[in-house]
Amino acid sequence: MSPPVAPVGWSRWLVPPAALSVHLSIGQAYAWSVFKPPLESALGLSGTQSALPFQLGIVMLGLSAAFGGTLVERNGPRWAMTVALVCFSSGFLIASLGAATEQYWLIVLGYGFVGGIGLGIGYISPVSTLIKWFPDRPGMATGIAIMGFGGGALIASPWSAQMLESFGADSSGIAVAFLVHGLTYAVFMTLGVLLVRVPRGEKPVSGGPSAFEGPQVSARDALRTPQFWCLWVILCMNVSAGIGILEKAAPMITDFFTESSTPVSAGAAAGFVALLSAANMAGRITWSSTSDLIGRKNIYRVYLGVGALMYLLIAQFGDSSKPLFIGCALVIHSFYGGGFATVPAYLKDLFGTYQVGAIHGRLLTAWSTAGVLGPLIVNWIADRQEEAGKSGPDLYGTSFFIMIGLLVVGFVANELVRPVHPRFHIPAPREATDAVQRQQPESA
């Protein structure tokens, strides 16, 4: 499938909606928790078992993005979006069959493995194209698309809950809900497949900077640079700190104020989770757009430095003030989303646009690592503290200080980022042609 080239007069503002159609769909992954209780009841699963499809999906997201990034660059955004559509929707259809037949392994295979491949390819499918269309505002462009992944759960969560209420929360009702998800997302993602275009030339913006100006580094060579591994550490630390709160948000706020005069109800805890999702979504567009103004290194100083301060405030004073606890948590989670949305532009600044999608895919292995590391730290320490007879905020104090340490490590890694050494740059096309022409007389 050849990358579709934009005709003369094509508006670049049609590309972000194409990307959003994919990211809003695959963002359903953050709403998986809606299906956990019904699956546990209908199929007799434990909490660990019901989380397995989501966990495998995130692992496959990182792996498929890493190994498929080069193919995405080679074949273009339409091919990548088509692969994402087929895998993500097929994953729901396989999971629907598994629920209907009460074969849990099919749900894991479908949603986790097959659907997870769709997550990874879909996540990186528009990144390189958006950066090439918006060389003047790469942070804003990628922020718009990646905002969709953070906001997908805001649509999918109430929609899924309503379907389970209408169809029933037994195995047959879950099967129908999965089936509707698969078919609906296939239609919605098709809009992105049909709408996406790549720029005609090297200057898609009239009068603006070229998308291909500056140093260009291949994905293979990027892995050999210290800059790539500094960014890997930065992303991993920032995501670990954010997901540490996200995964345990409802029980955490309940525990913090369980002994206060105004304990947090289950409904209020659910509202807190929704607020975190909104902060995640808003941070992706707000902070990534801000990075276009103040620079990528400076915005990560904010994410990591201010994020550490927010954790310190929660650890020291969080149980004395609900507004303080909630405000700090919202800021941390906005930085979590902003970090995801800003990193493609950071990669573009360092490595150019030549294979930025492939480089981004390899970098997302940091997400897979953080997806295990963050929750593991918070849950393991909370379990140990509970076994020691502690309760309330004491369950989380140690893990919060560990998160501060992780953010400090990320801050130091960000300070170590420097421009990529010229030896890793690929020659510009004109330079390469001139070199060949200079060599021809000598060989003759």
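Computed from a predicted model, the values in this text were never measured in an experiment.

This part is about the environment of W13. Take W13: it is sitting in the segment before helix 1 (15–26). Relative accessible area serves as the criterion here: at 40%, W13 is assigned to the partly exposed category. With sequence-adjacent residues up to four places away left out, W13 is seen in contact with F134, R137 and M140.

Looking at the secondary structure, you find Q355 in the loop between helix 14 (322–351) and helix 15 (356–363). The exposure class assigned to Q355 is buried, which follows from its relative accessible area of 17%. Not counting the four nearest positions on each side in its chain, Q355 is found in contact with E73, V217, S218, A219 and R220.

Time to look at helix 13 (residues 296–317). Given a rise of 1.5 Å per residue, 22 residues ought to cover 32 Å, and the 31 Å separating the end C-alpha atoms of helix 13 matches this to within 8%. Inspection of helix 13 places R296, I299, Y300, Y303, L304, G307, A308, M310, Y311 and I314 among the buried residues, and these make up the whole buried set. Along the axis of helix 13, the buried residues cluster in a sector spanning 160°; they form a single face.

Our focus in this paragraph is the nonpolar core. Counting 115 residues, the largest nonpolar core has Y123, F178, Y311, F340, F351 and W367 as the members making the most contacts within it. At 13 residues, helix 14 tops the list of elements feeding residues into this core. Contact partners of Y123, with chain neighbours within four places excluded, come to H23, I26, I146, F149, R284, F340, H360, L364 and W367. If you look at the next biggest cluster of nonpolar residues, it comprises 12 residues, including A19, L20, W133 and M140.

For the rest of this paragraph, the subject is a nonpolar patch on the surface. There is a patch of nonpolar side chains on the surface, built from V59, L63 and F67 and spanning about 300 Å² of accessible area. With respect to the secondary-structure elements, V59 resides in helix 3 (residues 47–75). Residue V59 is classed as partly exposed on the basis of its relative accessible area, which comes to 34%.

Counting all residues, the mean pLDDT for the protein chain is 86, and 91% of those residues have values of 70 or more. The least confident element of the protein chain is helix 18 (residues 429–443), whose mean pLDDT is 42; the most confident is helix 4 (residues 77–101), at 96. Note that residues 202–210 has pLDDT below 50 and, in this model, 15 contacts with residues that lie over four places away or in other chains. Counted against residues more than four places away or in other chains, residues 431–444, with its pLDDT under 50, gives 0 contacts.

Within the structure shown, the criterion is met by 0 disulfides. Counting only cysteine sulfurs, C230 is the nearest neighbor of C236, a cysteine outside any disulfide, at a range of 13 Å.

Right, let's talk about the packing of helix 1 against helix 5 (residues 104–124) for a bit. Orientation of helix 1 relative to helix 5, taken along the N-to-C sense of each, is 150°, at an axis distance of 9 Å. With respect to helix 5, the axis of helix 1 lies roughly antiparallel. The handedness of the crossing between helix 1 and helix 5 is left-handed. In this structure, helix 1 uses V22, H23 and I26 to contact helix 5, whose residues at the interface are G118, L119, G122 and Y123. Across the contact of helix 1 with helix 5, the residue classes tally to 4 nonpolar, 3 polar and no charged.

The rules behind the values
Residues numbered from 1 in each chain as written. Predicted model: local features only at pLDDT ≥ 70, side-chain atom pairs only at ≥ 80, totals over all residues. Heavy atoms only, no water. Helix = DSSP H or I, 4+ residues; strand = E, 2+ residues; numbered from the N terminus. Buried < 20%, exposed > 50% of the residue type's maximum accessible area, 1.4 Å probe, protein only. Contact = heavy atoms within 4.5 Å. Expected span 1.5 Å × (residues − 1). Arc of directions from axis to C-beta. Core = buried A, V, L, I, M, F, W, Y, C linked by side-chain atoms within 4.5 Å. Patch = residues over 30% accessible without salt bridge, like charges linked within 9 Å, V, L, I, M, F, W, Y side chains within 5 Å. Areas by Shrake-Rupley, 256 points an atom, 1.4 Å probe, with all protein chains shown as cover. Salt bridge = Lys/Arg side-chain N within 4 Å of Asp/Glu carboxyl O. pLDDT = per-residue confidence, 0-100. Disulfide = S-S within 2.5 Å. Axes fitted to C-alpha atoms, helices over the stretch in contact; angles between N-to-C directions. Parallel < 35°, antiparallel > 145°, perpendicular 65-115°, else oblique. Left-handed = near helix turned anticlockwise from the far one by under 90°. Nonpolar A, V, L, I, M, F, W, Y, C, P; charged D, E, K, R; others polar.

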